[in-house]
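Residues per chain, in single letters:
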Amino acid sequence: MPVIEFTGVEKAFVDHRAVHDLTFGIEEGELVSVVGVTGCGKSTTFNLILGLFPPSEGTVRVAGHDPYAEFDWFRRRVAVVFQDARLLPWRTALQNVCIGMRFAGIPKDQWQDRARDWLARLGLAGRENAYPHQLSGGQRQRVSLARAFSVDPEIILCDESFSALDEITAQGLRREFVDLVREGGKTGVVITHSLAEALTLGSRILVLRPPGHLADDIAVPSDPDPAALEALRARVLAGMTPEGGAE
Ligand SMILES: Nc1ncnc2c1ncn2[C@@H]1O[C@H](COP(=O)(O)OP(=O)(O)OP(=O)(O)O)[C@@H](O)[C@H]1O
Ligand SMILES: [Mg+2]
């Protein structure tokens, strides 16, 4: 059974359709990229997985549960990392990581050790007491990843988490992210605007087309040769373009 399952999902805001007849499944342990032009419904899809609102029609199931109706059940099972690190400026790196565990309902006596451990794993040992303004953008994003992983969620969602970083920093952090997801046996779903990121990050690419419709579902081979990469790139672009695609 897929750990994330959308069946005929519709999501309308007033009279605007953000997601239309969306059906897909993501298996446990998969690392999947989601691509599509701006406004095609990617973040709305994430918000449905997070249970921030219910679908207008259809069903969303995460680990067999309804994320909207059972919001509390999901608190420590699904974590999200955004494009900006979303840290509290008046809290240190360590305190910012602890806040995630507090909201997830992790016992307080575990916060410090877990936060230190995850900050160290993400290369921030010795910077625990730094405030966000004393850290670089890449380091702030590392704190944000530590906050997500420290909750030990089953599913990690990244909404453009690496796109505000330069390509070298993004590549490094992406690689670390993939290793952490795989080591932890977690399921990862990553929204990205970068085709290169989609092609290198996951084992599958879901291509959305406005309004929030699945245009293509592409398996990415583990070590594609240049010709295969070029073909994949063309296929993803065709899927994103309203007129074309492999629908
Ligand atoms: N709360 C809301 N109220 C009204 N309309 C919304 C709301 N959230 C999203 N929308 C609309 O739904 C559509 C899909 O938005 P969404 O944020 O999911 O797109 P996206 O694919 O994440 O885009 P981007 O790549 O720019 O982040 C857009 O047209 C957006 O304006
Ligand atoms: Mg978005």
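Residues numbered from 1 in each chain as written. Chains lettered and ligands numbered in written order. Predicted model: local features only at pLDDT ≥ 70, side-chain atom pairs only at ≥ 80, totals over all residues. Heavy atoms only, no water.

- As recorded by an unreviewed UniProt entry, the protein carries the name ABC transporter ATP-binding protein and is attributed to Actinoallomurus oryzae.

A look at the site of ligand 1
Line of reasoning, step 1. Around ligand 1, the structure places Phe 13, His 16, Ala 18, Thr 38, Gly 39, Cys 40, Gly 41, Lys 42, Ser 43, Thr 44 and His 193.
Line of reasoning, step 2. Gly 39 is positioned with one of its backbone polar atoms (N or O) 2.8 Å from an oxygen atom of ligand 1.
Line of reasoning, step 3. Ser 43 is positioned with one of its backbone polar atoms (N or O) 2.9 Å from an oxygen atom of ligand 1.
Line of reasoning, step 4. For ligand 1, the accessible surface in isolation is 630 Å², of which the surrounding protein chains cover 60%.
Line of reasoning, step 5. Elements supplying a minimum of two residues to the shell around ligand 1: β2 (16–26) and α1 (42–50).
Line of reasoning, step 6. Sorting elements by how many residues they give to the shell around ligand 1 places α1 first, with 3 residues.
Line of reasoning, step 7. Here the residues of the shell around ligand 1 sort into 3 nonpolar, 7 polar and 1 charged. (Near = heavy atom within 4 Å. Polar contact = N/O pair within 3.5 Å; in protein donor to acceptor, adjacent residues only side chain to side chain. Areas by Shrake-Rupley, 256 points an atom, 1.4 Å probe, with all protein chains shown as cover. Helix = DSSP H or I, 4+ residues; strand = E, 2+ residues; numbered from the N terminus. Nonpolar A, V, L, I, M, F, W, Y, C, P; charged D, E, K, R; others polar.)

Some points on helix α3 (residues 93–104)
Line of reasoning, step 1. Given a rise of 1.5 Å per residue, 12 residues ought to cover 16 Å, and the 17 Å separating the end C-alpha atoms of α3 matches this to within 8%.
Line of reasoning, step 2. Most of α3 is tucked away: 9 of the 12 residues are buried.
Line of reasoning, step 3. Of all the positions in α3, only Ala 93, Leu 94, Asn 96, Val 97, Cys 98, Ile 99, Gly 100, Met 101 and Ala 104 are classed as buried.
Line of reasoning, step 4. Each element contacted by the buried residues of α3 is listed here: α4 (111–121) and α5 (137–150).
Line of reasoning, step 5. Looking one or two places after α3, you find Gly 105, whose phi comes out positive at around 80 degrees. (Expected span 1.5 Å × (residues − 1). Buried < 20%, exposed > 50% of the residue type's maximum accessible area, 1.4 Å probe, protein only. Contact = heavy atoms within 4.5 Å.)

Side note on the pairing of strand β8 (residues 204–209)
Line of reasoning, step 1. With respect to burial, β8 is a largely interior element, 6 of its 6 residues being buried.
Line of reasoning, step 2. Side-chain alternation along β8 places Arg 204, Leu 206 and Leu 208 on one buried face and Ile 205, Val 207 and Arg 209 on a second face that is also buried.
Line of reasoning, step 3. Pairing geometry for strand β3 (residues 31–35) and β8, over 4 bridges, is parallel. Looking across to β8, one finds that Val 34 is bridged to Leu 206. (Pairing = 2+ DSSP bridges.)

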